[in-house]
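The lines below spell out each chain.
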Amino acid sequence: CVLKASQKRRPLSRLLEQLLRNLEKRDPNQFFAWPVNDNFAPGYSDIIRRPMDFSTMKQKIDDNEYKSLNCFISDFKLMCNNAMKYNKPGTVYHKAARRLLHAGLKQLTPQKLRPLGNMLT
Ligand SMILES: COc1ccc(C(=O)NC2CCC2)cc1-c1cc(C(C)=O)n2cccnc12
């Protein structure tokens, strides 16, 4: 069937949505699903200047704010590093961020991305 213009997603957006879904699977507790709330994380917005979470990344994909894969990967790293900055080592969140960052970057290696590359053509 022919996709209407509104349904036609840019190749980059389709790739980023696929990558985002795979990254979200590595966050089963959904600690990274939504913006961190200062009520549960005292002083968070004083310590973390540039908050980031998966829902914000999804919105940025939908708003075509990512001009490249590297911008997307930078936001993923920012999200994990924020958690390792605010939360002390040994906390459930610091450990979750380290594991997510490690697992996520393994999915974003050129070897893993090359097969998806043809989605960009
Ligand atoms: C969207 O953010 C969250 C959503 C849910 C939860 C959560 O279910 N926490 C329960 C596990 C022990 C309480 C935690 C968080 C959370 C993420 C974070 C991060 C990512 O720093 N955080 C830091 C301090 C306190 N809570 C959190």
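The sections below set out a description of the structure shown in this document. (Residues numbered from 1 in each chain as written. Predicted model: local features only at pLDDT ≥ 70, side-chain atom pairs only at ≥ 80, totals over all residues. Heavy atoms only, no water.)

## A few points about the packing of aromatic side chains
One pair of aromatic rings is described through two measures. These are the centre distance and the angle between the planes.
Line of reasoning, step 1. Within the structure shown, the criterion is met by three aromatic pairs.
Line of reasoning, step 2. Ring geometry for F31 versus Y93: centroids 4.8 Å apart, planes at 75°, classification edge-to-face. Here Y93 lies in helix α5 (residues 92-107) and F31 lies in the loop between α1 (11-24) and α2 (44-47), a separation of 62 residues in the sequence.
Line of reasoning, step 3. Judged by relative accessible area, which is 26%, F31 ranks as partly exposed. (Phe/Tyr/Trp six-rings, centres within 6.5 Å; stacked < 30°, edge-to-face > 60°. Helix = DSSP H or I, 4+ residues; strand = E, 2+ residues; numbered from the N terminus. Buried < 20%, exposed > 50% of the residue type's maximum accessible area, 1.4 Å probe, protein only.)

## With respect to the pattern of salt bridges
Line of reasoning, step 1. Under the defined criterion, the tally for this structure stands at five salt bridges.
Line of reasoning, step 2. One salt bridge connects D62 with R9, and the closest N-O pair in it is separated by 3.8 Å. With D62 in helix α3 (residues 54-62) and R9 in the segment before α1, this residue pair connects regions lying 53 residues apart in the sequence.
Line of reasoning, step 3. The exposure class assigned to R9 is partly exposed, which follows from its relative accessible area of 27%.
Line of reasoning, step 4. Here E17 ties to K58 by a salt bridge, and the two come within 3.3 Å at their closest N and O atoms. On the criterion of sequence distance, the pair formed by E17 in helix α1 and K58 in helix α3 is long-range, its members being 41 residues apart.
Line of reasoning, step 5. Through salt bridges with shared partners, a single network forms among R9, E17, K58 and D62. (Salt bridge = Lys/Arg side-chain N within 4 Å of Asp/Glu carboxyl O.)

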